[in-house]
Amino acid sequence: MTVSFILAALLAAAVGYAIYKNRKMYRLIDSLLDCVLSQEKISFSDIKEGELSAVVHKIKRIQEVLGRQAERAEEEKEQVKSLVSNMSHQLKTPLANLSVYTDILCSHELDAQKKGETAEKIKKQVEKLDWMISSLTKMMRLEQGVIVFEAEKLSIRKTILDAVDMVYEKIEKKEITLISEPYDDIVLLHNRRWTAEVFVNILENAVKYTEQGGTIRIRVYPYEMCTEIQFIDNGCGIHEEEMTEIFQRFYRSREVSHIEGSGIGLYLSNLILEKEKGYLIVRSVYGEGSCFSVFLRNG
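Calculation criteria
- Residues numbered from 1 in each chain as written.
- Predicted model: local features only at pLDDT ≥ 70, side-chain atom pairs only at ≥ 80, totals over all residues.
- Heavy atoms only, no water.
- Helix = DSSP H or I, 4+ residues; strand = E, 2+ residues; numbered from the N terminus.
- Buried < 20%, exposed > 50% of the residue type's maximum accessible area, 1.4 Å probe, protein only.
- Contact = heavy atoms within 4.5 Å.
- pLDDT = per-residue confidence, 0-100.
- Pairing = 2+ DSSP bridges.
- Core = buried A, V, L, I, M, F, W, Y, C linked by side-chain atoms within 4.5 Å.
- Axes fitted to C-alpha atoms, helices over the stretch in contact; angles between N-to-C directions.
- Parallel < 35°, antiparallel > 145°, perpendicular 65-115°, else oblique.
- Left-handed = near helix turned anticlockwise from the far one by under 90°.
- Nonpolar A, V, L, I, M, F, W, Y, C, P; charged D, E, K, R; others polar.

This part is about the environment of Asn-191. Relative to the elements of secondary structure, Asn-191 occurs in the loop between strand S3 (187-190) and helix H5 (192-208). We classify Asn-191 as buried; its relative accessible area is 12%. Distance in space between the C-alpha atoms of Asn-191 and Glu-150 is 6.4 Å, their sequence separation being 41 residues. Excluding residues within four positions of it along the chain, Asn-191 makes contact with Phe-149, Glu-150, Ala-151, Glu-152, Ala-196 and Glu-276.

Structural data, given as structure tokens:
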């Protein structure tokens, strides 16, 4: 047996082994990909060969990533369905009211005074629809990260006054006493326009759920790292079990379902404050009133 024959035999054996090994790896990869496509769990714990083990590990990771993406897609699909359903429900009432008031307005039997009153009701429903659509748009754009704004070092007094100005007419209409307790003007990290919207949402809720002639107080407490802005009312208050639920999108307590509202304001306020690295909490005693506290970072 010559040396060249031995070398040829060894080479043939090496080639044959390589082909065998590659076929084995091909069959394994093919089997793994079938598992990924059929969403079956990959389990090849008995494979200890370095290269094959690395391939199995990577394909398992790919399967896990795809699985998580599929779960997120399904969750987002359910969220969209829920959002559309809730939006339809929220818009249904003002649209139905508009239809009724329009029919009444078109009636030839109405005198000028009644027509004027009906026209005013239509105007209010249109304003409500405009507010709801605007709020829903802001909510969705904030959730998706489309709206981006920066927190600046700004005086908080001006922001509070801007918010009070926007709700003052409603406060006067219900003869509510608004008390702003003395405080030093403080520079806080916030966006004036968006933070004023948070304050407006809280104040409008306070007006809405406080009886005629009630009281709303504004207090400001500075701390070392942040400042607390309190909005305190002596309204109907909130049940303890509802303290966290009121911040959920479209949540409304059954007990206040007779009062006009959408369940968007507090959820939207939380989204805004998250962008500013602030937060919102509530303390309340049912039947006695509520205190909503906004915490913002010191400038």
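The next thing to look at is the confidence of the model for the protein. Do not read the predicted coordinates in detail wherever pLDDT is low. With 68% of its residues at a pLDDT of 70 or more, the protein shows a mean pLDDT of 78. Long-range and interchain partners of residues 3-15, a stretch whose pLDDT sits below 50, account for one contact in this model, where long-range means more than four residues apart.

So, about the pairing of strand S6 (residues 279-285). The two faces of S6 differ: Leu-280, Val-282 and Ser-284 on one face are buried, but Tyr-279, Ile-281, Arg-283 and Val-285 on the other face are not. In this sheet, strand S7 (residues 289-297) lies alongside S6 in antiparallel orientation, the contact comprising seven bridges. Of the residues in S7, the one forming a bridge with Leu-280 is Val-294. What sits between the antiparallel neighbours S6 and S7 is a turn of three residues, in which Gly-287 has the positive phi angle 90 degrees.

So, on to the environment of Ser-269. Turning to its location among the elements, Ser-269 is positioned in helix H6 (residues 265-275). The sequence separation of Ser-269 and Ile-202 amounts to 67 residues, and the corresponding C-alpha distance is 8.4 Å. Residues contacting Ser-269, with those up to four places away along its chain left out, are Val-198, Asn-201 and Leu-280.

Attention now goes to unusual backbone geometry. One non-glycine residue with positive phi stands out, namely Glu-175, at about 55 degrees. Checked against the element boundaries, Glu-175 lands in the loop between helix H4 (156-173) and strand S2 (177-180). A residue is classified by how much of its surface remains accessible, and Glu-175, at 56% relative accessible area, is exposed. Non-glycine residue Lys-277 carries a positive phi angle of around 60 degrees. As for its placement among the helices and strands, Lys-277 is situated in the loop between H6 and S6.

As a further point, take the nonpolar core. With 45 residues, the main nonpolar core has Ile-156, Ile-160, Phe-199, Ile-229, Phe-292 and Val-294 as its most contacted residues. Listing elements by their share of this core, those giving two or more residues are helix H3 (112-143), H4, H5, strand S4 (215-222), strand S5 (226-233), H6, S6 and S7. Here the element with the most residues in this core is H5; it accounts for eight residues. Excluding anything up to four places from it in sequence, Ile-229 contacts Ile-156, Ile-160, Leu-188, Phe-199, Ile-218, Arg-219, Val-220, Phe-292, Ser-293, Val-294 and Leu-296. Counting residues in hydrophobic clusters, the runner-up holds six residues, among them Leu-91, Leu-98, Tyr-101 and Leu-129.

A sheet is described by the order of its strands in space; here five strands give the open sequence S2-S4-S5-S7-S6, paired in mixed fashion. The open sheet terminates on both sides in strands that have one partner only, identified here as S2 and S6. Taken pair by pair, the neighbouring strands of this sheet meet at an average axis angle of 15 degrees, ignoring direction. Here S4 pairs with S5 via seven bridges, running antiparallel. Residue pairing in the sheet places Tyr-221 in a bridge with Glu-228 of S5. Sitting on the sheet, H6 is in contact with S6 and S7, with an inclination near 140 degrees to S6.

Moving on, we get to the packing of H4 against H5. Relative placement of two packed helices is described by the angle separating their axes and the distance separating the axes. Put simply, H4 and H5 touch, their axes get as near as 8 Å, and they point 40 degrees apart. It follows from the interaxial angle that H4 and H5 lie oblique. Our pair here, H4 against H5, has a crossing hand that is right-handed. Along the contact surface, H4 presents Ile-156, Lys-158, Thr-159, Ile-160, Asp-162, Ala-163, Val-164, Met-166, Val-167, Lys-170 and Ile-171, while H5 presents Arg-192, Thr-195, Ala-196, Phe-199, Val-200, Leu-203, Glu-204 and Val-207. A breakdown of the residues in the contact of H4 with H5 according to their chemical character gives twelve nonpolar, two polar and five charged.

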